[in-house]
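Overview (structure and organization)
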Amino acid sequence: MTPPKPKSRPDRVSLRRYVKLFREDILSAQPARLYRAWMAEFRTPFFRSYLVNQPELVRTVLRERPLDFPKSSRISEGLRPLLGDSVFLTNGAQWQRQRRIIDPAFEGGRLRETYPAMWEAAQAALARLRGQAGGVVEIEEHTSHAAADIIFRTLFSIPIEDALAQKVFHEFRAYQRTQPILNLAAFVPLPRWMPRFFRSDTKAAAKRIRALITELTERRMAEIAAGTAPDDLATKIMTTRDPETGETFSTEEMVDQVAIFFLAGHETSASALAWALYLVATHPEWQARLADEAQVLGDTPDFGDMAKLRLSRDVFREALRLYPPVPMMVRETTCPERFRDRDVPKGAQIVLSPWHQHRHARLWDNPDGFDPARWSTENGRACLRDAYMPFSAGPRVCTGAGFAMVEGPLMLSLILRDLKLTALPDRVPEPVAFLTVRARDGINLRVDPR
Ligand code: HEM
């Protein structure tokens, strides 16, 4: 069974129709030729954008000259009310300083220390799912809950049942419901002076979330000062000094970072895990293999087990290929460029699309098929190196990539060890790009005890 793929639009459509399609869903607003093209130019009356699929060009933008291709201000604008000057939005020296302070918290050794908190959250998620066994379950709701719980426990040492954590979680959900329109507005090829579809409830939700996060951060600042703070990611980040200046983050700067950790760290992981669960539900042979492999997991957390969950990692990697939670990233040129013998003007938007690159017909064998065994083939290995970027690449690569590659395979294994998932033939999910790649009407699976 070929996993669901959104239908493409016809090659030529009017700008008016394009904007309408874009507002509905970024993925189906694109023509099918993007799955074969090395580069595509979109000319609009207001600006030009270039979707770049050729691995060498992607490498130039992300790895070789990232400072010449900063994050597009069109995207930042829409997210700033919530994320302020977070590392996700800043550029240049400010961004470099923020990464110097944040990166040590996500290094390999720290992941081992974070593992027991992930394990606890995974057990809680499993208990919630077990409670619904014997029926049909909307899986995305469960994976969102679980991923948020993991972030709260690893960052602030509180479970999602904590009253403040509950409030943040619910406000984020409200925010996300208003977000698709805002997010698409940032991509839509309209001039800057046109209204941005900002909804007043989006701004109000952002304000409420920031107030709650400020409370959490101030509380932690006080605990650090009193010497009573737990040794978690928040404490680590808030006490790390920039090796160049010796400064730590101010409370305001930390609030910006916490906002992006919640947003980037929970929506993305939730989306990836939900699609991974759907894929194994539709491929029972892989589900059985993962359930077998999961027998290595004991009753207590042992970070060493992660190295044994190879099949689970391959399946999760394949889910990230077929349904990259962040389907597209946008950069801006700061000087005129020449790409594939074409002049690209200063100020042009460069779209890097994990969605299209991961399914590129000229790069991948069986691009639309589900085949976790591909990672041990020659083509799979070459593509993993040159055409796979669910976490982006280069210096701006996702800070949480290692974290996500532990959390995802662990959750997948634990769930399949105890539960059996069955897809419903009449409820095939339709992928759409909201803030992340989600199923239009959720992912509904039958859950039974194994
Ligand atoms: C499956 C899970 C995840 C996926 C697919 C993912 C994907 C991405 C991608 C593609 C970017 C780059 C976006 C761009 O350049 O426009 C990014 C950036 C980022 N992610 Fe993740 N992410 C995941 C999980 C996490 C987690 C768990 C955290 C933190 C706990 C996190 C924190 C961040 C941060 C802080 C950035 C900004 C980095 C920068 O711009 O320097 N992500 N992520």
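- Looking at an unreviewed UniProt entry, one finds the protein named Cytochrome P450 and attributed to Salipiger profundus.
- UniProt lists a comment for the protein under the heading Cofactor (unreviewed entry), and it reads "heme".

**Looking at the site of the ligand**
- Contacts to the ligand come from 26 residues, most closely from Trp95, Arg99, Arg331, Arg396 and Cys398.
- Taking Arg396, its side chain carries an N or O atom lying 2.8 Å from an oxygen atom of the ligand.
- Going through the elements one at a time, helix H4 (92-102), helix H10 (251-282), strand S4 (329-332) and helix H15 (401-418) are the ones with two or more residues in the shell around the ligand.
- At five residues, the largest contribution of residues to the shell around the ligand is made by H10.
- A breakdown of the residues in the shell around the ligand according to their chemical character gives 16 nonpolar, six polar and four charged.

**Concerning the UniProt feature "binding site: heme" (unreviewed entry) in the protein**
- Taken from the UniProt record, the annotation "binding site: heme" (unreviewed entry) applies to Cys398.
- By the element assignment, Cys398 lies in the loop between helix H14 (378-386) and H15.
- Classification of Cys398 by relative accessible area gives partly exposed; the value is 33%.

**Some details on the pattern of salt bridges**
- A complete count under the given rule lists 32 salt bridges for this structure.
- With a shortest N-O distance of 2.8 Å, Asp418 and Arg130 are connected by a salt bridge. Here Asp418 is found in helix H15, whereas its partner Arg130 is found in helix H5 (residues 108-130), with 288 residues between them in sequence.
- Of the charged contacts in the structure, one is a salt bridge between Arg438 and Glu267, with a shortest N-O distance of 2.8 Å. Linking Arg438 in strand S10 (residues 437-439) with Glu267 in helix H10, this pair joins segments that are 171 residues apart in sequence. This pair shows no difference in class: Arg438 is buried, exactly as Glu267 is.
- Through salt bridges with shared partners, a single ionic network connects Lys5, Arg359 and Asp368.

Conventions and cut-offs
Residues numbered from 1 in each chain as written. Predicted model: local features only at pLDDT ≥ 70, side-chain atom pairs only at ≥ 80, totals over all residues. Heavy atoms only, no water. UniProt positions renumbered as here; feature names shortened; annotations may be inferred. Near = heavy atom within 4 Å. Polar contact = N/O pair within 3.5 Å; in protein donor to acceptor, adjacent residues only side chain to side chain. Helix = DSSP H or I, 4+ residues; strand = E, 2+ residues; numbered from the N terminus. Nonpolar A, V, L, I, M, F, W, Y, C, P; charged D, E, K, R; others polar. Buried < 20%, exposed > 50% of the residue type's maximum accessible area, 1.4 Å probe, protein only. Salt bridge = Lys/Arg side-chain N within 4 Å of Asp/Glu carboxyl O.

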